Amino acid sequence: MNTLDLTKVLKPYAQENLWVALTSDYKKVAGSGKTPKEALEEAGRKGTKNPTLIQAASDYSGLVPTI
Amino acid sequence: MQFPYILLPGRTDKVKTPIVPIGVSFGGRKYQIMCLLDSGADRSYLSEDFASVLGIEEVENTEALTMTGITGDTITTYFHKVSFTIGGHSNEEWFGFGKLGMPFGILGRTFFAHYIICFDERRQRVEFKESRS
């Protein structure tokens, strides 16, 4: 089982911390926006089925859940 | 079912993270979102922005819990019962919706109760088995 690498696909959206909707193979961004809704709407306009949401960031190493 | 760890951008190197895609549905709407498997969290959480995507209009019209995390910050979250699907298996879970400030959802130990979960650091993957009482 290969590790899934999202570093390249998320990079263009990291500076603005945009939400992205990934295609089902996680290789492309089908939609992006400041909210999950905007990302999903763009993906829907492109006809992408079952996209997966994640928010892009330039550095995930410092994340500590506050909960 | 098994999921590989996911490589995410980091300050000096790539970060290998146990996040998994889950389908979340409410009122006929279903969407997929990446969620962190967090054994340190008592409960499960999603961004309040995701509540509007699911069509949960009155997010605050339910049980509210103010949580204090390890950083000392507090967050008020509002819990709604939603259906989820992971690897073809479906169940229900109470998710707290709030201003998480996290780039993905959080699956805490209430979610863990549905499965036996093994973190295999050497192979960089996480394995789920159904938990039967």
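To keep things clear, this report deals only with the structure shown in the data block.

What counts, and at which threshold
- Residues numbered from 1 in each chain as written.
- Chains lettered and ligands numbered in written order.
- Predicted model: local features only at pLDDT ≥ 70, side-chain atom pairs only at ≥ 80, totals over all residues.
- Core = buried A, V, L, I, M, F, W, Y, C linked by C-beta atoms within 7 Å.
- Buried ≥ 20, exposed ≤ 12 C-beta atoms within 10 Å, placed from the backbone.
- Helix = DSSP H or I, 4+ residues; strand = E, 2+ residues; numbered from the N terminus.
- Contact = placed C-beta atoms within 7 Å.
- Pairing = 2+ DSSP bridges.
- Axes fitted to C-alpha atoms, helices over the stretch in contact; angles between N-to-C directions.
- Nonpolar A, V, L, I, M, F, W, Y, C, P; charged D, E, K, R; others polar.

What follows covers the nonpolar core. Core analysis: the largest hydrophobic core is formed by 50 residues, its most contacted members being A:V20, A:A21, A:L53, B:I33, B:C35, B:L54 and B:F104. No other element matches strand β5 (residues 29-37) of chain B, which puts five residues into this core. Sequence-distant contacts of B:F104, defined by excluding residues within four places in its chain, comprise A:I54, A:Q55, B:I19, B:I33, B:M34, B:C35 and B:L36.

A separate point is the pairing of β5(B). As defined by bridge partners, strand β4 (residues 52-55) of chain A adjoins β5(B) across two bridges and the pair is classed as parallel. Bridging across to β5(B), A:L53 finds its partner in B:I33. Two strands pair when backbone bridges link them, and strand β4 (residues 19-26) of chain B and β5(B) are joined in this way by eight bridges, in the antiparallel orientation. Its bridge partner being in β5(B), B:G23 is matched across the sheet by B:Q32. Where β4(B) folds back onto β5(B) in an antiparallel hairpin, the turn is made up of two residues, including B:G27, whose phi is positive at roughly 55°.

Turning next to the sheet that holds strand β11 (residues 115-120) of chain B. Residues and elements named next belong to chain B. Across the sheet, which stays open at both edges, the three strands sit in the order β1-β12-β11 with antiparallel pairing between neighbours. Lying at the two open borders of the sheet, with one neighbouring strand each, are β1 (2-4) and β11. Averaged over all pairs of adjacent strands, the angle between strand axes in this sheet comes to 15°, irrespective of strand direction. Both β11 and strand β12 (residues 125-130) contribute to a ladder of six bridges, which runs antiparallel. The residue of β12 that forms the bridge with I116 is K129.

Interfaces are often described in size by the accessible area the parts lose on coming together. At the junction of the two partners, chain B supplies 38 residues and chain A supplies 31 residues. Breaking the side of chain B that touches chain A down by element, the ones donating at least two residues are β1, β2 (6-8), β3 (15-17), β5 and α1 (48-54) of chain B. Residue classes in the side of chain B that touches chain A are distributed as 22 nonpolar, nine polar and seven charged.

To continue, consider the pairing of strand β6 (residues 44-47) of chain B. All names here are of chain B. Where burial is concerned, the two faces of β6 agree: the one with S44 and L46 and the one with Y45 and S47 are both buried. Where β6 and strand β9 (residues 89-98) come together, four bridges link them in parallel fashion. Each bridged residue has a counterpart across the sheet, and for S47 the counterpart in β9 is G98.

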